[in-house]
Amino acid sequence: MGIGGIGGLDREAHVAEGTGAAAAPRTLAEALRARGDEGLAALLRARPDLLNPVPNDLTQLATRAGTRGSVVRALERLDRFALQTAEALAVAPDPAPYPVLLGLLTGDEGDATIGAALPGAVALLREQALVWGEDDRLRLVRTARELLSPSPQHPSPTGLGPTVAEATSGMSPGRVQEIIGAAGLAATHDPVSAVAALTGLFTDRARMGALLDEAPPEALAVLDRLVWGPPYGEVTANPAPPVRWLRDRGLLLPVSARTMVLPREVALHLRGGRAHRAPEPVAPEVGVLREHRPQVVDSAAAGQAYTALATVEELLKSWDKGGPQVLRAGGLSVRDLRRTAAALDVTEQVAAFWLELCHGAGLLASDGEADERYAPTPAYDDWLDLPPAERWARLVAPWLASTRTPGLAGGQDAKGRALSVLGPDLDRAAAPEVRHRVLGLLATLPPGAAADPETLFARLRWERPLRGAAGAPGAGGSGDEGAGPSLPDDLRSRLARWSLAEAELLGLTGRGALSAPARALLNLPLAEAASPADEGGGVEESVAAERAATLLAPLLPEAVDHVLLQADLTAVAPGPLRRPLADALAVLADVESKGGATVYRFTPGSVRRALDSGLAASDVHAFLAAHSRTPVPQPLAYLVDDVARRHGHLRVGAASAYVRCDDDTVLGEILADRRSAALGLRRLAPTVLAAQTDPASLLDGLRAMGYAPAAESAEGDVLVTRADAYRTPARTAPVPVPDGPPAPDATLLGAAVKAIRAGDRAATAVRREPSAPAPAGSLPRTSSAETLATVQAAAMTGSAVWIGYVNADGAASQRVIAPVRVEGGFVTGYDHTADEMRTYPLHRITGVAELADDQV
């Protein structure tokens, strides 16, 4: 017998208040109606999609809470144990008493830990309107039961199969009688009682044990292979004797000519009553990999933060004159990514992170031109003017909220198209949540403690086992063993790994432990470990960023205003240079090495670059003398004077291009040099050469031959080429792609609860019906005269009435109003549905009815 199948999923836990009412609710709407305002607010806070738009009443809220999309989103946000509880309810009788649910999770032997955790899981499911009813009649909402219940197409995450009644629904009555006879049961007169007798046998532990004691060992081995799922197995046309023995007694039931299934009741007996092989009522602890002194962690994080600032500056400075072109489909080409990685001396994945970080912070964007290319934005210049700690905060705050995932670059999307850096398809809505949760879990450890990554990933999988997993509710999976559908390489785990690496690159962590500035940025306590309840204390993001920058500032190295010139034509910067000095030295010299001390090298080309920018030799000498703590070495002074002496001796201008020089022998040397052949030079006069190339190419060609030409204008003046940076037009930072609707604030929740309550009062108000009641949901219909008389009487007596109203857009609604004034064709009164004073045109009121005496 070959066994094949599919299996499922397991899940999270929060604690919420339960519901209660004088009478047991018959529907989810009645259960919601019995809640207090805090209970309704908790539901809307946990499931914000229910607020879009605000439901008219509690019946509409209950209907929306049971839609497939909303239920799937709610299930995805459950922890493993809460989801296991829902899965157990899906295979339990409907409704299920609390003791039955407890038995499915603890089994025959019981488990005190599960018993202690189960009330919280049930309360959470109730709070999120996935479960309703009292403890003696717990009901899983229909959509959740359909998603989590077993079926041939979508096996249950528990690994259980259909019940005996479901598996025998299409079986002939004669075959059912044969099965109960082989099982040692008395024959019945109808299939229903026969199925009930077989179910009673399989759920009776004593009789079931006696039946299995008669089974051949090979038959028990077959059951062992199916007991934890998947419960389906393929059989041949002539099954082996052990399989026939099981089939004859109903321990295996056919679902097709070649497929058998293990009934749910049999599996539960073999499992000892447990719906799951490994219930997980308690969240896994995040282990400590190593511990450091908090000061060491903060220093290491500050050093990495400084490196991050230097890397961003180096990257964007290299694109100062305009960066690579934008691909037609958007994003950066693989070749340009490799060049960027080589220039930064990092891997391509790390280079992708820095590019996406600059883009997310609004420092880098496309210029929008016809030949579109990337370049720094004007915001980059403003960013450069900030103190280092504030610049760091301006990078990490957008990173926390960004949905961009550079780790996906280089892969393919669902249609097989390549995902490129800065391209349109790298947004993943779950990224901000994972980043915050990873850093939040690090904050639960003692200060200076680095987390064991594997235990941290296990905790994340427990908290959101469905989010980013390969499976989905009802989509099958890998069975009830191990981590369920949260495969080791699911999106959430990859996001967590990338978050840890990126936090280290940014200096939020040092040696794997959370730093004090990071705690401030996350609004977590600084003196002691934080608990999840401490998160989100209400401090605005800008204030938290300022606190983080304040804590980081003393840890960053002080900027210096001098260099150390050396005889080998190098200058050593003993620390980060102040902005004007750094910019000027970048023009005069080339960076040779970076690290704790940056080494600059002076070359003829770098000195010529400074002269091209408008400096004279005397300016260069004065600059070096003013900013060097050591005397200017003689070789460097000679280099500056030598380049300055030859600088501008040749003049290049536009004809197509020309070269002129007062010394005709120099021009003769150029013509005789074979390297000048590509320039197409010919002598026009003793001191002038014409070229068949443009001035820029002519300048580059002569410089490559070892000359130091200068460009000149049409008037013959030397052109000064300044390093003016190319910038894009003003750009706003990219907006994160939201993961569903945003979480509602307290004001919106209060207004929504009030509106739903008012609408529900209007919808459920009892009204006097002098004639036969109108169909449910229809508007009242009265004549104009009757409508006017009724509202006038209500205004005089101060009573409320029920009206049907059609607005200017043709939308019909039912409202409960207390008329105050009736005049000029309008009625003004307090609208209990909207909870405010409103005025309605009488001609738009379809009808009116008085409320019963005990109504509002």
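For the structure, check the block above.
One numbering rule holds for all chains: residues counted from 1, following each sequence as written. In keeping with the predicted nature of the model, local features appear solely for residues at pLDDT of at least 70, side-chain atom pairs appear and are counted solely at 80 or more, and the whole-chain, interface and lining totals rest on all residues. Side-chain numbers here rest on the full set of heavy atoms in the structure, without hydrogens or water.

Colleague: When you look at the overall build of the chain in this model, what are you seeing that I'm missing?
Modeller: To qualify as a helix, a DSSP run of H or I must reach at least 4 residues; to qualify as a strand, a run of E must reach at least 2; elements of each kind are numbered from the N terminus. For the chain, the count of helices and strands is 33 helices and 26 strands. Only protein chains enter the accessibility calculation, which uses a 1.4 Å probe; a residue whose area is less than 20% of its type maximum is buried, one above 50% is exposed, and one in between is partly exposed. Looking at the chain residue by residue over its 856 residues, the buried ones come to 48%. Any pair of residues with heavy atoms lying within 4.5 Å of one another is described as a contacting pair. Of all intrachain contacts in the chain linking residues separated by at least 6 positions in sequence, the fraction that spans at least 24 positions is 67%. Residue exposure ignores everything except the shown protein chains as possible cover, and the areas themselves are Shrake-Rupley values with a 1.4 Å probe. Carbon and sulfur atoms make up 54% of the accessible area of the chain, which totals about 39,100 Å².

Colleague: How should I be thinking about the sheet that holds strand 26 (residues 845-850) in this particular structure?
Modeller: Two orientations exist for strands paired in a sheet by backbone hydrogen bonds: parallel and antiparallel. Whether two strands pair comes down to DSSP finding at least two bridges between them. Within the open sheet, the five strands sit side by side as 25-24-23-22-26. Their pairing is antiparallel. Two strands lie at the open edges of the sheet, namely strand 25 (836-841) and strand 26, each paired on one side alone. Each neighbouring strand pair of the sheet contributes to a mean axis angle of 45°, computed without reference to strand direction. Both strand 24 (residues 826-831) and strand 25 contribute to a ladder of six bridges, which runs antiparallel. What sits directly across from Tyr-830, in strand 25, is Met-837. Where helix 33 (residues 784-797) meets the sheet, it contacts strand 22 (801-806), strand 23 (812-823), strand 24 and strand 26, and its direction lies at approximately 65° from that of strand 23. Here the axes come from fitting lines to C-alpha atoms, over the contacting stretch only for helices, and the angles between their N-to-C directions go from 0 to 180 degrees.

Colleague: Looking at this structure, how should I read the packing of aromatic side chains?
Modeller: Two numbers describe a pair of aromatic rings. These are the distance of the centres and the angle of the planes. Stacked, tilted and edge-to-face are the three classes assigned to paired rings of Phe, Tyr and Trp, where Trp is represented by its six-membered ring and a pair needs centres within 6.5 Å; plane angles under 30 degrees give stacked, over 60 edge-to-face, the rest tilted. In the structure shown here, the tally under the stated rule is three aromatic pairs. Consider the rings of Phe-353 and Trp-354, whose centres lie 5.0 Å apart with planes at 55°: the pair is tilted. In this structure, Phe-353 and Trp-354 share a single accessibility class: buried. When the ring of Tyr-805 is compared with that of Tyr-840, the centres are 4.7 Å apart and the planes differ by 65°; the resulting orientation is edge-to-face. Remark: Tyr-840 occurs in strand 25 and Tyr-805 occurs in strand 22; sequence separation between them is 35 residues. A relative accessible area of 11% places Tyr-805 in the buried class. Only when the NZ atom of a Lys or the CZ atom of an Arg is both within 6 Å of the ring centre and within 35 degrees of the ring normal do we say a charge sits over the ring. In this structure, Arg-391 packs its charged tip against the face of Trp-383, placed 5.5 Å from the ring centre.

Colleague: Would you mind showing me how to read the sheet that holds strand 15 (residues 590-593) here?
Modeller: Strand order in the open sheet formed by four strands is 13-14-16-15, with antiparallel pairing between adjacent strands. Edge strands, defined here as strands with exactly one partner in the open sheet, are strand 13 (564-566) and strand 15. Recorded for the sheet is a direction-independent mean angle of 30° between the axes of neighbouring strands. The sheet contact formed by strand 14 (residues 570-573) and strand 16 (residues 598-601) spans four bridges and is antiparallel. The residue of strand 16 that forms the bridge with Ala-573 is Thr-598.

Colleague: Which parts of the structure should I look at to understand the packing of helix 26 (residues 579-588) against helix 28 (residues 617-627)?
Modeller: Packed helices, taken two at a time, are described by the angle their axes make and the gap between the axes. Between helix 26 and helix 28, the shortest axis-to-axis distance is 12 Å and the interhelical angle comes to 130°. Classified by the angle between their axes, helix 26 and helix 28 sit oblique to one another. As helix 26 packs across helix 28, the resulting crossing turns out to be left-handed. Seen from helix 26, the contacting residues are Leu-581, Ala-584, Leu-585 and Leu-588; seen from helix 28, they are Val-620, Phe-623, Leu-624 and His-627. For this scheme, ten residues count as nonpolar: Ala, Val, Leu, Ile, Met, Phe, Trp, Tyr, Cys and Pro. Four count as charged, namely Asp, Glu, Lys and Arg, and the remainder, Gly too, count as polar. Class assignment of the residues belonging to the contact of helix 26 with helix 28 gives a composition of seven nonpolar, one polar and no charged. These descriptions rest on fixed angle ranges, namely under 35 degrees for roughly parallel, over 145 for roughly antiparallel, 65 to 115 for roughly perpendicular, and the rest for oblique. Crossings are classed by handedness, with left-handed meaning an anticlockwise turn of the near helix from the far one by less than a right angle and right-handed meaning a clockwise turn.

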